[in-house]
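# Reading the structure
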Amino acid sequence: MFSYIGRRASHSILSVIGLLTLVFFLTRLTGDPSALYLPLDATAEARAAFASLNGLDQPVHWQFAEYLKDLLQLDFGQSLRQNRSAMEVALQAFPETLKLALVAITLSTALAILVGSLAAARAGSLFDRIAGVASLAGASAPDFWVAIVGILVFAVGLELLPTSGTGTWAHWIMPIFVLTLRPFGLLVQVVRGAMLSALASPYIKTARAKGVRRTKIIFGHALRNSLLPIVTVAGDLATSLVNGAVVVETIFGWPGIGKLMIDAIIQRDFAVVQSTILVTATAIFILNIAVDLLYAFLDPRIRY
Amino acid sequence: MKNVGNPILKVEGLTVDFLSNDEPVRAVDNVSFHVNRGETLVILGESGSGKSVSTSTVMDLIDCPPGDIVAGSCLFDGTELSRLDADARRNINGRRIAMIFQDPLAYLNPVYTVGRQIEEVYESHGEAGGREARARAMELLQRVGIPEPETRIDYYPHQFSGGQRQRIMIAMAIALKPDILIADEPTTALDVSVQAQILDLLRDLQRETGMALILITHDLEVAASMADRIIVMSAGKVVETGPAREVFSNPKHAYTCRLISASPDGDPAEASNKRATKIGSETLLKVEHLTKEYALSSGAFAPKRRFKAVDDVSFEVRRGETLGIVGESGSGKSSIARMLLRLSDPSSGKALFSGEDVFEMGGKTLMAFRRKVQMVFQDPFGSMNPRMTVRSIISEPWAIHRDILPRHQWKERVAELLELVGLKPDHADRYPHQFSGGQRQRIAIARALASEPELIVCDEAVSALDVSIQAQVIDLLADLRTRLGLSYIFITHDLPIVRQFADRILVMKQGKVVEEGDTATLFRAPRHEYTRGLLQAVPKPKWLMSENEPPAEGADVFWSDRPRSGSFSG
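Residues numbered from 1 in each chain as written. Chains lettered and ligands numbered in written order. Predicted model: local features only at pLDDT ≥ 70, side-chain atom pairs only at ≥ 80, totals over all residues.

### Comments concerning the nonpolar core
What counts is decided by this rule: By our criterion, buried Ala, Val, Leu, Ile, Met, Phe, Trp, Tyr and Cys residues that link up through C-beta atoms within 7 Å make up a nonpolar core. Exposure in this text rests on C-beta crowding, where 20 or more other C-beta atoms within 10 Å of a residue's own make it buried, 12 or fewer make it exposed, and counts in between make it partly exposed. The C-beta atoms are placed from the backbone. Strands here are runs of E lasting at least two residues and helices are runs of H or I lasting at least four, both read from the DSSP assignment and numbered beginning at the N terminus.
Counting 217 residues, the largest nonpolar core has A90(A), V42(B), A171(B), I180(B), I214(B) and I489(B) as the members making the most contacts within it. In terms of residue count, the dominant contributor to this core is helix α5 (residues 86-121) of chain A (16 residues).

Here you go:
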């Protein structure tokens, strides 16, 4: 198992290096930071000094070599905007995203398993049909639209919830709701499908012939065998949340890594962009490994 | 026979429909039967005869819809089962009526240890839990013959062999000493020697517990070896019923007669054999020292272990001859077939086809060889492209080997081939799923014949078919051999079939040939112990066996401390 993790890690390092290279050159295409950071009437000398201070006067490939050299020494560069270590900035924002992602994915998975299992167990019933329509609506509603409508209704109209920011528990409600909705909708469909095929499996017949109680058949036998596809999709959805829910964080002014990424791109704060990418890529790698290990834990036939 | 008493189960006038596209299709039509304590009732019938549906109804395993129990009653120990509420009904399952199924791998939950699955029976009925349940599960595993139950109890189903899995299913079923055990094709997926062991185990357990056994099977030998009474089902109806010996020696209904005469069971006089009449002296295929090795890697730095699937096998097939290759699963017989067709490469050895080494061939020679050697596979459902019509399936060889037949003659030739294998020319425009298993196997044979082969390799080609269909397909193969001068390599695990059809037999075990000889001699005087074991494993009729075999040692002790569980409380 450890050799498996090692193998996966070495593959991932290769792809992270590729990713960072791509990001490095793409950010340089967004323009010159000195145009943003210096006053409009700054002199040519001041601009040259700024460029030379931040290494921007060197040719791009030279800058890249410097960047790689610094990376090896775990120096991720300085934030132009905040004038402190770019990695520190990224690591400060990341927990905010993680909190949001964790709550959203846990909530949506738990709810989806409950609703999807019951829908499959009563396939064709009124509950099944309502769950089908609701989950489809949840899966297809664009999150920015739900977020804006939510702000209009609950914050601006009814004045029950804050429009944005952090601080109280009330600040959590709308971001969580918006981030839970789509994963919930998708997962209900996955759970229902996996449960339907599990409930039609021969071993369910055996359980019935043994006289096992119905709730145990549904949640003990069928659900346990349906977990693999559920984990696959939930892991995928969790990845996109950990990546920073850029739109939702921006709309609700949530100081997470998604918002930081967007801000850093707009502000041409190159080192911060690169650091946020590195942080999220590492998080996604860890998440994928966790999902793979979870497979082996859930299904004794899978061994690495 | 023994323990004649009141019926423990009495099914009367059972009629079950299944809704298919909202049209009710009658699966079981006015079926009545009963079984007494300690008795074995065999329900005999081919696939689709409704034999499983009737017992599934007793077990409340039919989902409604699509199932619809139209009429009938199931009286179990004086109680009408259909009138019980769900919980009382559930409480009978596993406690008083238990069931085992055909394919134990699919019917065991793959993600739980076998121990946990057995313990669940005790827990579900409030009989025992925790340590006690585990201890009793371990005893059960011991009783059904699982070696080292202390460690194996924590294994998962996929870590056992097919026979052991069926033993585990049986352990689960007898955990609460039920009054009735329903066994639905319990040995169909197993090798013949394993089948014999499982049937023995069922007989022993029946003697020990006095339970009634309802055995569902399509296999006449299994039926004869187990049954006190038999009911024969066909197309959802009971067509014949009576004591086993009577039904077998004096079948009354036309269907039963047909079934029994179609059985390939070896007639000692060998009057009805379908062996070749004229075998040429010319050697068509000569296989020398064929070996196939697999490397089993157990880790990056561990030494490679080698596993020989086929180990130094040599044989010959003459023109017009049928060579039977017999062996149980894992004996390497299918590996030989795959290598001879160049579907996988051998580790070493030669195969001379008309004097040329098959394994050296390439390019045009290989194409020509592929044309002359064809294969018929076991699974007629999986070996045909479901999106191709029968016409395109049969004419595909002509599209590959351009010189066989000009395109304008294809249509005519497909019609001829279909007629040759006993189908109608207008079947050509249908798709495989519109045919039955036997018909599909005929299509597979037509496809094999299309390239005008000299040798056809049949890998378990009739094993998936019902017994009367088996006989028809064998007849067809024998007829084609005579008419077209074909040679066959006929691979099977089923001895009675090769007995009728093969001229010479190769018995294989663990990759090696253990015995070779002409069919009559081999069956009359098998030299190798393994061959004798295989022959003896074919079930013998119950009425020919001695009546008073002593129960297995320790059996009484095993059951004596078990309280007679299950008052009818629910």
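### Topic: the packing of α5(A) against helix α6 (residues 126-140) of chain A
All names here are of chain A. The criterion, for reference: Lines fitted to C-alpha atoms define the axes, with helix axes restricted to the stretch in contact, and inter-axis angles between N-to-C directions lie between 0 and 180 degrees. Just so you know how the angles are binned, under 35 degrees is roughly parallel, over 145 roughly antiparallel, 65 to 115 roughly perpendicular, and the rest oblique. What makes a crossing left-handed is the near helix being turned counterclockwise from the far one by less than a right angle; a clockwise turn instead makes it right-handed. Contact definition: two residues whose C-beta atoms, as placed from backbone geometry, lie within 7 Å. In the scheme used here, Gly and all other residues not listed as nonpolar or charged are polar, with Ala, Val, Leu, Ile, Met, Phe, Trp, Tyr, Cys and Pro taken as nonpolar and Asp, Glu, Lys and Arg as charged.
Interaxial distance between α5 and α6 falls to 8 Å at its minimum, and their mutual angle equals 135°. Classified by the interaxial angle, the pair formed by α5 and α6 is oblique. Here the hand of the crossing between α5 and α6 comes out left-handed. Note on element contacts: α6 touches α5 through F127, D128 and A131, opposite V115, L118 and A119. Broken down by class, the residue content of the contact of α5 with α6 amounts to 5 nonpolar, no polar and 1 charged.

### Structural notes on the sheet that holds strand β5 (residues 79-80) of chain B
All names here are of chain B. Spelled out, the test is: Two strands pair under a simple rule: DSSP has to find at least two bridges between them.
The 4 strands are arranged β2-β1-β4-β5 in an open sheet whose pairing can be described as antiparallel. Lying at the two open borders of the sheet, with one neighbouring strand each, are β2 (23-36) and β5. Here strand β1 (residues 7-20) pairs with strand β4 (residues 67-76) via 8 bridges, running antiparallel. Counted as the bridge partner of E12 is S73 from β4. Each of β1, β2 and β4 is contacted by helix α1 (residues 51-58), which is oriented at about 115° to β1, the strand it contacts most.

### Considering the environment of F154(A)
Residue and element names in this part refer to chain A. Topologically, F154 is positioned in helix α7 (residues 143-157). Residue classification places F154 among the partly exposed positions, given that 18 C-beta atoms sit within 10 Å. As a C-alpha pair, F154 and M174 span 20 residues in sequence and 8.9 Å in three-dimensional space. Excluding residues within four positions of it along the chain, F154 makes contact with L160, L161 and M174.

### A few points about the confidence of the model for chain B
Residues and elements named next belong to chain B. Using the following cut-off: Confidence of the predictor at the level of single residues is given by pLDDT, which spans 0 to 100.
On average, residues of chain B carry a pLDDT of 83, and 90% of them reach 70 or more. Averaged pLDDT values for the elements of chain B fall to 53 in helix α21 (residues 555-560) and rise to 93 in strand β7 (residues 180-184). Per-residue pLDDT stays below 50 along residues 266-272; that stretch engages in 6 contacts with residues further than four places along the chain or on separate chains. Segment residues 550-554 is flagged for pLDDT under 50; beyond a separation of four residues in sequence, or across chains, it makes 5 contacts in the model. Scoring of the predicted complex yields 0.75 for pTM and 0.76 for ipTM.

### Some words on helix α7 (residues 162-174) of chain B
Residues and elements named next belong to chain B. Put simply, the rule reads: Take the residue count of a helix, subtract one, and multiply by 1.5 Å to get its expected span.
With 13 residues, α7 extends 19 Å from end C-alpha to end C-alpha; this agrees with the ideal 18 Å at 1.5 Å per step. Of all the 13 residues making up α7, 12 are buried; the element is thus mostly covered by neighbouring parts of the structure. Here α7 has its buried residues at G163, Q164, R165, Q166, R167, I168, M169, I170, A171, M172, A173 and I174.

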